Amino acid sequence: MIINHPLLGPRDSAEFVYLGDANLIERPDPEAETAAREFYEYAYLRDNPAGEHRELWFHEAGDRSWLVVTRNTLTHEISDVQMARDVARSKGRSK
Amino acid sequence: MNQINRLKGGQIDRTQTLNFTFDGKTYQGHSGDTLASALLANGVRLMGRSFKYHRPRGPLTAGSEEPNAMVELRTGARQEPNTRATTAELFEGLSAQSQNRWPSLKFDAMAINDRFSNFLTAGFYYKTFMWPAAFWEKIYEPIIRKAAGLGSLSMQADPDAYDKGFRHCDLLIIGAGPSGLMAALTAGRAGAEVILADEDFAMGGRLNSETFAIDDASADVWVQASIAELAALPNVRLMPRTTVIGAFDHGIYGALERVSDHLAEPAPGKPRQILWRIYAAKTILAAGATERPIAFENNDRPGIMLASAIRSYANRWAATPAQRVAIFTNNDDGHRTAADLHAAGVKIAAVVDTRTDAPRSHGYEVLQGAQVIDSKGRLGLTFAGVKLADGSMRTLECGALGVSGGWNPNVHMTCHQRGRPTWDDSLAAFVPGGALPPGMTVAGAASGNLSTHGALQTGAQAAKAALGLKGRLPKLPSAEDAPVSQTPFWYVEGCSRAWLDQQNDVTVKDVKLSHQEGFRSVEHLKRYTTLGMATDQGKTSNMGGLAIMAELAGKSIPEVGTTIFRPPYTPTAIGAMAGRIKGMDFHPTRLTPSHYWAKERGAVFVEVGNWLRAQWFPIAGETHWRQSVDREVAATRASVGVCDCTTLGKIDVQGTDAAQFLNKIYCNGFAKLAVGKVRYGLMLREDGIAMDDGTAARLEDDHFVVTTTTANAAKVYQHMEFVRQCLFPDMDVQLISTTEAWAQYAVAGPNSRALLQKIVDPEFDLSNEGFPFMACANINVSGGLRARLFRISFSGEMAFEIAVPARYGDALMRKLMTEGEEFNVVPYGTEALGVMRIEKGHAAGNELNGTTSALNLGMGRMVSKAKDSIGSKLSEREGLNETDALNLVGIKPLDAGDKVTAGGHLMNADGPVDAKHDQGYVTSAAFSPSLGSMIGLGFVKNGSDRVGEKMRLVSPVTDLNVDVEIVSAHFVDPEGGRQRA
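This is a predicted model, so every value here is computed, not measured.

To continue, consider the overall build of chain B. The helix and strand inventory of chain B stands at 22 helices and 49 strands. Overall, chain B is about 115 × 70 × 55 Å in size when its C-alpha atoms are taken along their principal axes. Counting only contacts in chain B whose residues sit at least 6 apart along the sequence, the fraction spanning at least 24 positions is 66%. In the form shown here, chain B has an accessible surface area of approximately 39500 Å², with 53% of it arising from carbon and sulfur atoms.

So, about empty space enclosed by the protein. Residue and element names in this part refer to chain B. Within the structure shown, the criterion is met by 9 cavities of 30 Å³ or more. Considering only enclosed or pocket space, the largest cavity measures out at about 200 Å³ in volume. Asn408, His412, Lys539, Met543 and Phe565 are, among the 16 residues lining the largest cavity, the residues nearest its centre. When contributions to the lining of the largest cavity are tallied by element, the ones reaching two or more residues are strand E25 (407–409) and helix H12 (542–553). Counted by class, the lining of the largest cavity contains 6 nonpolar, 9 polar and 1 charged residues. The volume enclosed by the second largest cavity comes to roughly 140 Å³. In terms of lining residues, the second largest cavity is bounded by 19 residues, among which Thr592, Arg613, Ala614, Phe617 and Asp644 are the most central. Elements with a minimum of two residues in the lining of the second largest cavity: helix H15 (595–600), strand E32 (611–616) and strand E33 (641–644). Grouping the constituent residues of the lining of the second largest cavity by class yields 11 nonpolar, 6 polar and 2 charged.

Let's shift gears to the nonpolar core. A general tendency of soluble globular proteins is for nonpolar side chains to be buried together. Membership of the largest hydrophobic core comes to 46 residues, with the highest contact counts inside it found for Phe20(B), Leu35(B), Leu39(B), Leu94(B) and Tyr313(B). Looking at this core element by element, the count peaks at 5 residues for helix H1 (residues 35–41) of chain B. Excluding residues that lie within four positions of it along the chain, Phe20(B) makes contacts with Lys25(B), Thr26(B), Tyr27(B), Gln28(B), Gly29(B), Leu35(B), Ala38(B), Leu39(B), Asn42(B), Leu90(B) and Leu94(B). In this structure, Phe39(A), Ala658(B), Tyr717(B) and Leu735(B) belong to the second largest nonpolar core, which totals 42 residues.

Residues and elements named next belong to chain A. Relative to the elements of secondary structure, threonine 73 occurs in the loop between strand E5 (66–72) and strand E6 (78–83). The partly exposed category is assigned to threonine 73, whose relative accessible area is 24%. Along the backbone, threonine 73 and leucine 24 are 49 residues apart, and their C-alpha atoms lie at a distance of 18 Å. Residues in contact with threonine 73, not counting those within four places in the same chain, are Pro49, Ala50, Gly51 and His53. From its side chain, threonine 73 meets the backbone oxygen of proline 49 in a polar contact 2.8 Å long.

What follows covers the state of the cysteines. Two cysteines whose sulfur atoms are joined by a covalent bond form what is called a disulfide. Here the structure, examined in full by the defined rule, presents 0 disulfides over all chains. Unpaired in terms of disulfides, Cys495(B) finds its nearest cysteine sulfur in Cys398(B), a separation of 18 Å.

Attention now goes to the side chain of His595(B). With respect to the helices and strands, the residue His595(B) is situated in helix H15. Looking at His595(B), the relative accessible area reads 5%, which means it is buried.

Moving on, we come to the sheet that holds strand E47 (residues 933–941) of chain B. Residue and element names in this part refer to chain B. In space, the 6 strands of this closed barrel follow the order E44-E47-E46-E45-E48-E49, with antiparallel pairing throughout. Put simply, the sheet's adjacent strands are angled 45° from each other on average, direction ignored. Bridging between strand E45 (residues 905–908) and strand E48 (residues 950–955) involves 4 bridges; their strand directions are antiparallel. Following the sheet pairing, methionine 907 is matched in E48 by arginine 952. Sheet strands in contact with helix H21 (residues 830–840) are strand E46 (918–928) and E47, and its direction is about 130° off that of E46.

Basis of the calculations
Residues numbered from 1 in each chain as written. Chains lettered and ligands numbered in written order. Predicted model: local features only at pLDDT ≥ 70, side-chain atom pairs only at ≥ 80, totals over all residues. Heavy atoms only, no water. Helix = DSSP H or I, 4+ residues; strand = E, 2+ residues; numbered from the N terminus. Contact = heavy atoms within 4.5 Å. Areas by Shrake-Rupley, 256 points an atom, 1.4 Å probe, with all protein chains shown as cover. 1 Å grid on protein atoms, 1.4 Å probe; cavity = no way out; pocket = protein on both sides within 12 Å on 5 of 7 lines; lining within 4 Å. Points joined across faces, edges and corners; volume = space filled by probe spheres on them. Nonpolar A, V, L, I, M, F, W, Y, C, P; charged D, E, K, R; others polar. Core = buried A, V, L, I, M, F, W, Y, C linked by side-chain atoms within 4.5 Å. Buried < 20%, exposed > 50% of the residue type's maximum accessible area, 1.4 Å probe, protein only. Polar contact = N/O pair within 3.5 Å; in protein donor to acceptor, adjacent residues only side chain to side chain. Disulfide = S-S within 2.5 Å. Pairing = 2+ DSSP bridges. Axes fitted to C-alpha atoms, helices over the stretch in contact; angles between N-to-C directions.

Right, dumping it as structure tokens:
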């Protein structure tokens, strides 16, 4: 596969390490009253869709960016690649 | 008797005669021959034995789809089994042996299997070798293994090199037949970067085997002119002898180039094969078509071949399998073979055509509406039995029979992603369909356009469309455009032992049996009968099997569907997959800066991750590793020892939020750590399980140096970047791995300070007051060389870790040894390091094993409740906080002579020994020179409250059963007085 890195352009997927569901960015608020439940779901429950999936890839043999890659798990078509940091900011994770 | 079946003409170079041997006998062929064509020219039809019944076999085909003519090529270390004689290029001195026969190809003792074929039907193994279960390992498996497999390995290391390479192009064209060549001409003339790959050594595809004209000359003239034009274009790369083996994601193709297989051995410095990874924006599959046989009784005798293969041998290689040949066909293509052979002077016994309206010929007899129903000839065809249209029988004397059941487009590569072929009624064949790999189009016979004109036209069209070229199609050369119509005719009625898959011996009868026994899905049929599971992957046999299955099930062939086509297209050597990555080059070896010093000292090394670390340093007179390790431990605890700890992961953490960041990473607090201090840190996973541990040293307010374990360095760095980028994207913190930048040494023992004082520049105070336990500082050594000093201890002794820029590591180690002579300094390795940490009760990788929490490790109270950190929330889970949770404890044998072994389980002093009564397990064990017995660390249920309790340490695997006592994990200096001295 080829991942179109937002900063570095198209790179072979062999340069990357796969982590999984990009929902890992949305770490629950530990102060929330329901935090125990939310952390359990965050740590253990993942969707495993046959189709479009947003997932985290780490450019380990490159610039060490974490990327959010939108990939179709059936066709391997990659429709979107973003810096995970930008995604995290858009999810309100700035301090 | 030299080359008795050699004809005139062909594309062989008669000026070059090549000597070769087959089963020890010497023959001659010519440059341009394959092993199969040269053997046929020499009158040899018998080339192998089948897998199961050991039936005599000759070549069925003239290409890579060959199921029968498999040989062991070459001798010695270069011997390769299962080489197709039909694709092996002849070279001077070639040596080939037949396989799967004993004692000889003509007399094979295992041919007895053929007599027992009634028992050896589909599913024989499944039905026979079922019980008793105990027979499997000792009796059944060895028998099956001995009988299984074609060919043999040399059992020697492969002397040849294999390479991997990467290529990029606008257009990859797979196959250099008429459509591939025309596509390449169209794209190449337009200036596109083109790669044209073909598995054959001669480009031209089917045109090399035909007598057609293109324009006003023979096809060969057009082929050579086209290749010359393409070769002259700088933007076109021709790759003959290159098989595209698979279509992978995003336009990436695997291609195997056989660089040296046509030579006796590779030229100096050249690889045998190269596995290319081709990145193609667009691809045209022009892989042609494969002729399919018709099944009839005993259709597997040497001499019975595909009609097109006989035509190829005659036209391209000027060889015929016999001087008298019959043809069995259901379509016009079979007549082409008859006409070409007749023109070449070969006697045509008759053309047997299933159609009642088959075309007549002036040159030879055509039997309309007839069928070949049986054959004779033990080691080669002698007679074909024909049932005529009126039902009467006739026997044809012939040494070869060309069979043509029509052509199947080579759709394989279109299905390597999600494509499934669709059925074309007019061709009675599958054609490319469904979702092709992105960027791929199909041209020529592979797309179902079986005429030469159709191939040229679709090739040009495909190239134009793929590149988005404007304007009209280039002028196409004129070529035959005979209408092609194929009607299905898969097998002769009433046949039973009629072969579909010749290599794996799957007959029509087997397919019927599997249907009868309830295997109704094609995938089940394949696995039960092994149809299509041989080295040829059923290229000539799958369709026949499908058709029979469809008929039995009362379904149409498209309803039954095909099995899934998977890469590689043809068998590919594992060596090519590995490339240069073998032996010591399988992964990189990382050496610390003082590695060569350690080697000089005679260190014994161990691989940790990719690092080589010194395990121990034997000295004269030591014959057992334990002597070295015990001495190193004793000397360190008595005076001073030095250990290379460069391999520990080192991560530089800088920024105004660095302390805040470490507060998230570690479960314990770091915000209040003073500058100049080090703290132990435990890192949890988000699920509350320990991930790694290490130290964080605060060198400046906004600058920490974090260490990780050697094994987890990369993983921890990745995790920290995840937390930084994905969870807290706006913290002001930067990370960089500095593992390789600093050489670091632990200097441990009561004289460690005295030794370091001789090296550290005098302005730095190393006294206990000036530089107490857990202090850190930037210092200078040896008169101004910058260094870092940490007062941390893994051994439990007074200890320091000193780091210098990596290039000074070797010099520092040598200096520590020289300056330490007066203290009898010893270098110690990972074994002594391990012994001392077990004596001290420090957890390491064995304890941080992915199942243990902070509580288990005796560090439950370290998990700060005052702040949020990764894993803190789920550490509070009920399941991780049960009253009988495992706790880290020490284990000591009651009898000092007894063994303690890691992996052993702890049971109560009395009661049953079983999993239900398991109390815990030992994670680390070592002989402790300090205590004079073996000791262990381990986890015991509610262990903190069970110190002093007697238990049994058992291991059913090693018959261990030892009485032990649960003690504190801190065997040596539990109060920690030494490290604070």
